[in-house]
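Coordinates in review
What follows is each chain in one-letter form.
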Amino acid sequence: ATRREPLTHDTQIDASLAWRRKRIAFTETPLADVLKLFNDQNRVSLEAADRAAAQLEVSGIFWANDCEAFVRMVETGLNLVSERDGDRVILRRR
């Protein structure tokens, strides 16, 4: 049998190189920090409605320029609802 390297090692390498492909990677990162990074990359402003939402943890690899896909993910994965107002998207707990 062939021995394979642990998947976590491959995942760590992929995450550390993600920036080269305009992707951003997070591991148990507070939503507030994730939103700051998205806001630095886009003209749409993503905001947490309150401290409880801002403290939710996000893990994953996302396209930095695709706010809409990220919003859909947190709506489902973190049980949030989004409220849109022009170029602002406010994320709040259901």
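Before any of the text, the structure's been laid out above.
Our subject in this report is the structure included herewith. Just so it is clear, the structure is predicted and the values come from calculations on it, not from any experiment.

Conventions used here
- Residues numbered from 1 in each chain as written.
- Predicted model: local features only at pLDDT ≥ 70, side-chain atom pairs only at ≥ 80, totals over all residues.
- Heavy atoms only, no water.
- Helix = DSSP H or I, 4+ residues; strand = E, 2+ residues; numbered from the N terminus.
- Buried < 20%, exposed > 50% of the residue type's maximum accessible area, 1.4 Å probe, protein only.
- Contact = heavy atoms within 4.5 Å.
- Areas by Shrake-Rupley, 256 points an atom, 1.4 Å probe, with all protein chains shown as cover.
- Pairing = 2+ DSSP bridges.
- Axes fitted to C-alpha atoms, helices over the stretch in contact; angles between N-to-C directions.
- Salt bridge = Lys/Arg side-chain N within 4 Å of Asp/Glu carboxyl O.
- Core = buried A, V, L, I, M, F, W, Y, C linked by side-chain atoms within 4.5 Å.
- Arc of directions from axis to C-beta.

**Here we look at the overall build of the protein chain**
Each helix and strand counted, the protein chain has four helices and five strands in total. Helices (α) and strands (β) of the protein chain occur, in sequence order from the N terminus, as α-β-α-β-α-β-α-β-β. Taken across its 94 residues, the protein chain has 31% of its residues classed as buried. For the protein chain, the share of sequence-separated contacts (at least 6 apart) that also reach a separation of at least 24 residues comes to 55%. Of the roughly 6,600 Å² of accessible surface on the protein chain, a fraction of 47% belongs to carbon and sulfur atoms.

**A closer look at the sheet that holds strand β4 (residues 80–85)**
Taken in spatial order, the three strands make up an open sheet running β2-β5-β4, and their pairing is mixed. Looking at the sheet topology across the chains shown, the edges are occupied by β2 (45–48) and β4. Shown here is a sheet whose adjacent strand axes are inclined to one another by a mean of 25°, direction ignored. Against the sheet, helix α2 (residues 31–41) engages β2, β4 and β5 (88–93), with an angle of about 170° to β2. Along the sheet face, helix α4 (residues 67–77) touches β2, β4 and β5 and points at about 145° away from the line of β4.

**Quick notes on the pattern of salt bridges**
Summed over all chains, the structure comprises five salt bridges. One salt bridge in this structure joins R84 and E68, with 3.2 Å as the shortest N-O distance. Of this pair, R84 sits in strand β4 while E68 sits in helix α4, and the two are 16 residues apart along the sequence. Look at R84 and you get partly exposed, because its relative accessible area is 43%. Residue E68 is classed as partly exposed on the basis of its relative accessible area of 36%. Each of E47, D85 and R88 takes part in a single network of salt bridges with overlapping partners.

**A short note on the nonpolar core**
Among the nonpolar cores identified, the biggest contains 21 residues, and F38, L46, F70 and L80 are the most heavily contacted of them. Going through the elements one at a time, β1 (23–30), α2, β3 (57–63), α4 and β5 are the ones with two or more residues in this core. Other than its neighbours up to four places away in sequence, L46 contacts L35, F38, N39, C67, F70, V71 and V89.

**A closer look at α4**
Three or more residues of α4 are buried, namely C67, F70, V71, V74 and E75. Looking down the long axis of α4, one finds its buried residues gathered within 135° of arc, a one-sided arrangement. Turned more than 90 degrees away from the buried face of α4, the exposed residues are T76 and G77. Count one or two residues on from α4 and you reach N79, which has phi positive near 60°.

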